[in-house]
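Chain by chain, the residues run as shown.
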Amino acid sequence: MNRRQVIIAGGLGLSRTVRAVRADEDVRIARFEEPLDVADIPVGGWCLLLIDGAAIYIRRRTQVEISAVRNESISTLPDPARDEERVIDPEWLVVSGECTHAACRVVAGQGSYQGWECFCHGSQFDLSGRVRHGPAKRNLAVIAYEKIGPQTLLLHAPLRTALRPSQSQTAAAAVPRPLGGRT
Ligand code: FES
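So, here's what we can say about the structure. (Residues numbered from 1 in each chain as written. Predicted model: local features only at pLDDT ≥ 70, side-chain atom pairs only at ≥ 80, totals over all residues. Heavy atoms only, no water.)

1. Things to note about the pattern of salt bridges
Piece 1. For the structure shown, the criterion picks out 12 salt bridges.
Piece 2. Note that Arg 28 and Asp 40 form a salt bridge whose closest N and O atoms lie 3.0 Å from each other. Residue Arg 28 is located in strand β1 (residues 27–29), and its partner Asp 40 is located in the loop between β2 (35–37) and β3 (46–51); the two are separated by 12 residues in the primary sequence.
Piece 3. A salt bridge links Arg 130 to Asp 126; the nearest nitrogen and oxygen atoms lie 3.0 Å apart. With respect to class, Arg 130 is no different from Asp 126; both count as buried.
Piece 4. Overlapping salt bridges bring together Glu 72, Asp 126, Arg 130 and Arg 132 as one network. (Salt bridge = Lys/Arg side-chain N within 4 Å of Asp/Glu carboxyl O. Helix = DSSP H or I, 4+ residues; strand = E, 2+ residues; numbered from the N terminus. Buried < 20%, exposed > 50% of the residue type's maximum accessible area, 1.4 Å probe, protein only.)

Here it is in structure tokens:
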């Protein structure tokens, strides 16, 4: 797999998100509501999607990673959330790449929790996208998706999912907080 791979042509408003992309990241341009083949994302790996200028991470977690985020107490987390509520399929976590503190883009595979780190002010997120170290106070926003094939996902636009507030705490109908929002 090429480290920089464009698999779906899409509308792309170049933004500071795009300018912040690191040279070694697997970056793909995609669209909401279109099938996304994720078979070539290695187990334990991830890719960064650029959708209409927004950064979204798809993370393919290992069984060890899944067990780790599910076997710990959430009571002391800044924004308590069970991992089971943040994914459809435990293997696939899809979250916004924008830090919930002040909207810098987070970087995957960094920090003490090996999830994401924000280098603007040091916030850290675990392998469920939950904030573990501030100044951010909220978890990375979950992006709703459906698994429409063994290794094919369909990501839903935040606007669509926001129309279903009664299920807002689940990945099946997540309501991502506004990209770029501040705490
Ligand atoms: Fe991420 Fe401040 S914007 S820690």
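2. Some words on unusual backbone geometry
Piece 1. The omega angle of the peptide bond from Gly 134 to Pro 135 is 25°, so this bond is cis rather than trans.
Piece 2. Here Pro 135 lies in the loop between β9 (131–133) and β10 (145–149).
Piece 3. Located in the positive-phi region is Glu 33, a residue other than glycine, with phi close to 65°.
Piece 4. Here Glu 33 shows up in the loop between β1 and β2.
Piece 5. Taking the relative accessible area as the measure of exposure, Glu 33 reaches 33% and is therefore partly exposed.
Piece 6. A positive phi angle, near 60°, is found at Gln 114, a position not held by glycine.

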